[in-house]
Amino acid sequence: MKKIVNFFTLILLLITFSGCTSLMSQLSSNSNQPITSPNDQKDYLNFQLNNGLKVLVVSDPTADKAAASMNIAAGSYHEPNAWPGLAHFLEHMLFLGTERFPKPDAYQNYISQHGGSHNAFTSAKDTNYFFDIQPEHLDPALERLSQFFIAPLLSPEYLEREVNAVHSEWSGTLQNDARLRLTALRQAFNPAHPAARFSAGNKESLDITSDEMRQALLDFYQTYYTTDRMTLVVLGKQPVNELRDLVEQHFSAIQQGSVTPDPIWPNLFTQEQLPAQVDYLPLRQQHQLLLLFPIPDQTANYQKKADHYLGGLLGHEGEGGLLATLKAENWATSLSAGTQMSNGKQALFSISLELTPEGDKNRQEILALVFNHLALIKEQGIEAWRYQEDAQLASNAFRFAESTKASSLVTHLAMNLARYPTQDVLRAHYLFDEFDPLLINNLLDQLTPQRLLVVRTSPEVEANQTGQWLPAKFSINQLSLDLNKTQTKLTTQLPPANDYLPSNLALKKGSSVKQPQALIKEQGLEVWHGLDTSFKVPRAQVYISLQNPEVTTNLEARLLAQLAASWLNDQLNAPAYPARLAGLNYNIYPHARGLTLALGGFNSEQPRLIKLMLQELQAAKVQEAQFARLKQRLKQNLHNQQKDRLVQQLIRQLYKDAVAPGSWSLEEQLASLEKLSTAELSYFLTHFSQELYVQLLAWGNITSEETLALSTQVKSQLQPKLNASDVDLIKTKQIPDGQWSKKLKLDHNDRALLFYIQAKDTSLEEEAKLRLVNQLQSAAFFHDLRTQQQLGYAVFNNHLPLAQQAGIFYYVQSPNNEPDYLAEAIEAFLRQDKQRIEKLPSKDFQQHQLSVINNLLQADQRLSERAQRLWQEIGNQRQDFGRRKALADSIEKLDQPSLLKFYEELINRYRGTYLLGTTPEARGNPLPGMPAATESWSAE
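Treat the numbers as computed from the prediction; the structure is a model and nothing was measured. (Residues numbered from 1 in each chain as written. Predicted model: local features only at pLDDT ≥ 70, side-chain atom pairs only at ≥ 80, totals over all residues. Heavy atoms only, no water.)

**Considering the overall build of the chain**
When helices and strands are counted, the chain shows 30 helices and 28 strands. Its C-alpha radius of gyration of 29 Å places the chain within 12% of the 30 Å reference for a compact globule of 940 residues. When its C-alpha atoms are laid out on the principal axes, the chain stretches across 80 × 75 × 65 Å. Expressed as a percentage of the 940 residues in the chain, the buried residues total 60%. Summing over all exposed atoms, the chain offers an accessible surface of approximately 37,500 Å²; the carbon and sulfur share of this is 48%. (Helix = DSSP H or I, 4+ residues; strand = E, 2+ residues; numbered from the N terminus. Rg over C-alpha atoms; globule rule 2.2 N^0.38 Å. Buried < 20%, exposed > 50% of the residue type's maximum accessible area, 1.4 Å probe, protein only. Areas by Shrake-Rupley, 256 points an atom, 1.4 Å probe, with all protein chains shown as cover.)

**Details of unusual backbone geometry**
A cis geometry characterises the amide bond from Leu-274 onward to Pro-275, with omega recorded as 0°. Its identity is not glycine, yet Lys-305 carries a phi of approximately 55°, on the positive side. Mapping Lys-305 onto the fold places it in the loop between strand E9 (288-296) and helix H9 (306-315). The phi angle at Asn-330 is positive, at roughly 60°, despite the residue not being glycine. Note on placement: Asn-330 falls in the loop between helix H10 (322-328) and strand E10 (332-340).

**So, the UniProt feature "domain: Peptidase M16 C-terminal" (unreviewed entry) in the chain**
Look at the UniProt record and you will see "domain: Peptidase M16 C-terminal" (unreviewed entry) annotated at residues 214-388. This span, residues 214-388, is 39% helix and 23% strand, and a straight line between its end C-alpha atoms measures 54 Å. (UniProt positions renumbered as here; feature names shortened; annotations may be inferred.)

**So, the packing of aromatic side chains**
Tallied over the full model, the rule gives 33 aromatic pairs. Centroid distance Tyr-129 to Phe-148: 6.0 Å. Interplanar angle 85°. Geometry classified as edge-to-face. Here Tyr-129, found in strand E6 (residues 127-133), pairs with Phe-148, found in the loop between helix H4 (138-146) and helix H5 (159-171); they are 19 residues apart in sequence, far enough to count as distant. Arranged with centres 5.1 Å apart and planes meeting at 25°, the rings of Tyr-221 and Tyr-225 form a pair that is stacked. Per residue, the accessibility class of Tyr-221 equals that of Tyr-225, and both read buried. A network of ring pairs unites the aromatic residues Phe-95, Tyr-107, Tyr-129, Phe-131, Phe-148, Phe-149, Tyr-221 and Tyr-225 as a single cluster. The ring of Phe-432 is capped by Lys-305, whose NZ or CZ atom sits 5.7 Å from the centre of that ring. Note that Arg-580 overlies the ring of Tyr-586, its terminal NZ or CZ placed 4.0 Å from the centroid. (Phe/Tyr/Trp six-rings, centres within 6.5 Å; stacked < 30°, edge-to-face > 60°. Lys NZ or Arg CZ within 6 Å of the ring centre and 35° of its normal.)

**Quick word on the sheet that holds E9**
A sheet is described by the order of its strands in space; here seven strands give the open sequence E10-E11-E9-E12-E8-E14-E13, paired in mixed fashion. The sheet is open, and its two borders are formed by E10 and strand E13 (465-466), each paired with just one other strand. Sheet topology places E10 next to strand E11 (residues 346-355); eight bridges connect them, and they run antiparallel. Note that in E11 the partner of Leu-335 across the bridge is Leu-353. (Pairing = 2+ DSSP bridges.)

**A closer look at the pattern of salt bridges**
Counting across every chain of the model gives 43 salt bridges. Residue Glu-605 pairs with Arg-608 through a salt bridge whose shortest N-O separation is 3.1 Å. Note that Asp-644 and Arg-652 form a salt bridge whose closest N and O atoms lie 2.5 Å from each other. Put simply, Asp-279, Asp-360, Arg-363 and Arg-456 are held in one network by salt bridges that share partners. (Salt bridge = Lys/Arg side-chain N within 4 Å of Asp/Glu carboxyl O.)

**Describing empty space enclosed by the protein**
By the definition in use, this model includes two cavities of 30 Å³ or more. Taken together, Leu-94, Phe-95, Leu-96, Gly-97, Thr-98, Phe-101, Lys-103, Ala-106, Tyr-107, Arg-144 and Phe-148 make up the lining of the largest cavity. For the lining of the largest cavity, a count of residues per class yields seven nonpolar, two polar and two charged. Taken as a whole, the second largest cavity holds about 40 Å³ of empty space. Lining the second largest cavity we find Phe-755, Ile-757, Glu-827, Leu-830, Leu-906, Ile-907, Arg-909 and Thr-913. The set of elements that each furnish at least two residues to the lining of the second largest cavity consists of strand E24 (751-758), helix H26 (819-839) and helix H30 (896-907). Looking at the lining of the second largest cavity, its residues break down into five nonpolar, one polar and two charged. (1 Å grid on protein atoms, 1.4 Å probe; cavity = no way out; pocket = protein on both sides within 12 Å on 5 of 7 lines; lining within 4 Å. Points joined across faces, edges and corners; volume = space filled by probe spheres on them. Nonpolar A, V, L, I, M, F, W, Y, C, P; charged D, E, K, R; others polar.)

**Regarding the side chain of Lys-42**
Among the structural elements, Lys-42 can be located in the loop between strand E1 (28-29) and strand E2 (43-48). A relative accessible area of 13% means that Lys-42 is categorised as buried. With sequence-adjacent residues up to four places away left out, Lys-42 is seen in contact with Val-58, Ser-59, Asp-60, Leu-235, Ser-403 and Leu-409. (Contact = heavy atoms within 4.5 Å.)

**Considerations on H4**
Here H4 has its buried residues at Leu-138, Ala-141, Leu-142, Arg-144, Leu-145 and Ser-146. Where the residues of H4 are buried, they touch strand E4 (66-72), helix H3 (106-113), E6, strand E7 (230-236) and helix H8 (240-251).

**Description of the side chain of Thr-226**
Within the secondary structure, Thr-226 is located in the loop between helix H7 (211-224) and E7. Reaching out from Thr-226, the side chain makes a polar contact with the side chain of Asp-228 at a distance of 2.5 Å. (Polar contact = N/O pair within 3.5 Å; in protein donor to acceptor, adjacent residues only side chain to side chain.)

**Quick look at the sheet that holds strand E27 (residues 912-918)**
Picture the strands of a sheet paired through backbone hydrogen bonds; they go either parallel or antiparallel. Here six strands make up an open sheet; going across it, the order is E25-E26-E24-E27-E23-E28 and the pairing mixed. Lying at the two open borders of the sheet, with one neighbouring strand each, are strand E25 (794-799) and strand E28 (930-931). Two strands pair when backbone bridges link them, and strand E23 (residues 738-744) and E28 are joined in this way by two bridges, in the parallel orientation. Each residue of the ladder has a partner; that of Trp-740, found in E28, is Met-930. Contacts between helix H25 (residues 764-788) and the sheet are confined to E25 and strand E26 (807-814), with E25 contributing the most and set at about 170° to the helix. (Axes fitted to C-alpha atoms, helices over the stretch in contact; angles between N-to-C directions.)

**Description of the pairing of strand E18 (residues 584-591)**
Bridging between E18 and strand E19 (residues 594-601) involves eight bridges; their strand directions are antiparallel. In the strand pairing of E19, Leu-584 is matched with Gly-601. Where E18 folds back on E19, the antiparallel hairpin that results is connected by two residues.

**Comments concerning H3**
Each α-helix winds once per 3.6 residues, and so residues spaced three or four apart point in a common direction. Summarising burial for H3: seven of the eight residues are buried, a large majority. By the burial criterion, the buried members of H3 are Ala-106, Tyr-107, Gln-108, Tyr-110, Ile-111, Ser-112 and Gln-113. If you follow the buried residues of H3, they end up packed against strand E5 (117-122), E6, H4, H25 and helix H27 (842-856). Trailing H3 by a residue or two, Gly-115 shows a phi angle of about 75°, which is positive.

**Examining the UniProt feature "domain: Peptidase M16 N-terminal" (unreviewed entry) in the chain**
With numbering matched to this structure, UniProt assigns "domain: Peptidase M16 N-terminal" (unreviewed entry) to residues 54-174. The distance separating the terminal C-alpha atoms of residues 54-174 is 39 Å; by composition the span is 31% helix and 21% strand.

**What about the environment of Gln-175?**
Inspection of the secondary structure assignment puts Gln-175 in the loop between H5 and helix H6 (177-186). Residue classification places Gln-175 among the buried residues on the basis of a relative accessible area of 18%. Discounting chain neighbours no more than four positions away, the residues touching Gln-175 are Leu-180, Leu-283, Lys-643, Asp-747, His-748 and Asn-749. A distance of 2.4 Å separates the side chain of Gln-175 from the backbone nitrogen of Asn-749, its partner in a polar contact.

**Things to note about the packing of H4 against H8**
Put simply, H4 and H8 touch, their axes get as near as 9 Å, and they point 35° apart. Between H4 and H8 the crossing geometry is right-handed. Contacts from Leu-138, Asp-139, Leu-142, Glu-143, Leu-145 and Ser-146 in H4 reach Leu-243, Leu-246, His-250 and Phe-251 in H8. Split into classes, the residues belonging to the contact of H4 with H8 amount to six nonpolar, two polar and two charged. (Left-handed = near helix turned anticlockwise from the far one by under 90°.)

Rendered as structure tokens:
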């Protein structure tokens, strides 16, 4: 039994002391090590401690961050029926102190102070704890994490405090369509299966006054937080043997405990429940059809990928496929297929379609077409050459796999270590080792109308039920689907062989450069290039920004630019979908200056795709039905902004008020959109290029000669003629010194406050000081307003520049505290925290400085990450590419007295401060500060 320090009962306290014996494990050697990508230079060592803990350590001498993840193979499915949300509540409680580090913010403070981040999550079958940190501080961080599983306090004094946090987290989902739809879906499952239960937890489901609940919390920890269910992954700069020693030192004291097998769960559905239909009434404007079929869990068949093979044929978006056919009828906008909710015994195979309103009216014919396509796959689609093509695409992706964020990697591996043999934890998702036609056919045999659960999402739904734990509006009925009576004249076809497979995977010769070089700077056009093969991948990133000043200042032109980007993506989707599958990505996105054509991935076939993009753009063939679909989707997206998370809505309002030219109100955008027609989009596409300035960057496995050839093609077809100064019109308004406020009534059940402080100018010194203040206060702000005052679940601060001007914000979202109260609480924190900063030891201040600097100068993990960073510098006219280093130098020069003087100016309103609050009712006190007359703020 593991050692738990708590005060619930004397008996448990005695048990705690009886479990104190030290266990220095003898490492069991395991030669079964992970198979790595040829492009992966990290070292891996797999072993098991004597207490049964499975461990994988990863040595990366180049790492900017060390990281660790502990996965517990137990989640909400394992909690008792009586206490929904218990697993999630336990996850929260473990952060609030251990015997060795009893302060409730000890772990969080240490991670934050040393340039790291931390989090945890609870899912159906897993609970995962992870962090990243500056590499030299890995040892103490591991010591703190390990104590979660050795001697957590689980102190009674924090039960109420943390159940409030869980309740606030639950409250924040009351208007989340994904959570509400899941609530409706749960009612269609077998009520004896844990998937049918509420799992997030709130004050009602977790009665902290109950001795039984508190005992259940301890029992859950003792039963499931055992080493047989734990998998640990640690990444650091040290050699693997040194990392192994650290793990042994800190995690050997976890007591082994007795092995508890998973409960025997029944089937997800009883025989009488299917076929059925769940009709969900959404808060957002959306139409969706989700088709779910119970199948055997395919995890054990990961080397065969039969479900992936089927998902690929159903979800293929190329010409003649299921989605392309539905799009042609103006019935659907997107489609995906694959396996979800795998529970070890069963899983659900899903086909998800985003519909148009017209598609929602033709659901029966869509279902008929889906089953016709399944029949086509069964008759013609189970072919070895198709499987080998999938295998080749996956092999290319694994061979040239690039690094990922340290915390993401360790979390992914810790979960994989619990599911797959160690040698396959890195490549499990890439393996296509055996074509098994029988297995594919067996899966197809289970995708029948008799085994179907349809989940329809539509504003036209007539609901007759409301969820118990979340207010989902829905109905459930038996599904009557007679394919003999529902016929369709529509036909589909299976995809041909992919002709976008890379024809050349060789790296270009030459030395990699650190920053782009300008090849052309002339009227209408600037071209940047950089050969970069340092990531050892035959990939390139190409950005082509088409800038037109009218898009910046004219609402109609801005909307047409958004429609143009959607149109071009739509035009390319079917013919260019094979390129996506082959590892060549693209996106056309709108921005305040116009459109950007972005490409990434394997470079050998990029010229073909760029040529296709430009041809489609010049042809400008917009169909009436296509325009109607794109216009409807944009209208829907605009409406749905009112249902975004509160912090997104408040930041959007901040940008509207403080950036010039600003954005337009929702009402203005909808009114203007309503007037637009197919003819106007066609005209815009034709004449957009007549007033252009073009910026182009080609970065990666591409030569300067290839870049110049591309620029010649772009110049010939688009003939740009403006200067950069003609379109560089985005400016930041200067918030006047003092405190200003605006109170909103957004459509959400919670209250929230965004407290924004703007730099007085765009200088490096201002940004350096604001970034350091943000770092110094991150953990303290969270601890004070969330852990201590329990004002809400979403409590955080961050650096937030507006255009090129720095700023920081403090944010609190609360289920019951009004925004004026939240503003006063933030104000009080800012004033009181001055004393803490004053008393901060010099070495701690310097450590915070180093954390900000290290995060700023962190090495790019992937080619695309580096290219994106450089592209932003080009767009912001910071074309010496040295600002990041200069900013780090400015932070390094700061000292405590000068920062305190700056902080004194902040809290005494010598910088513009803007408070944006929201409450669901038109009541309450006004916000502090003067009412913001944002239209009078001047742009610098």
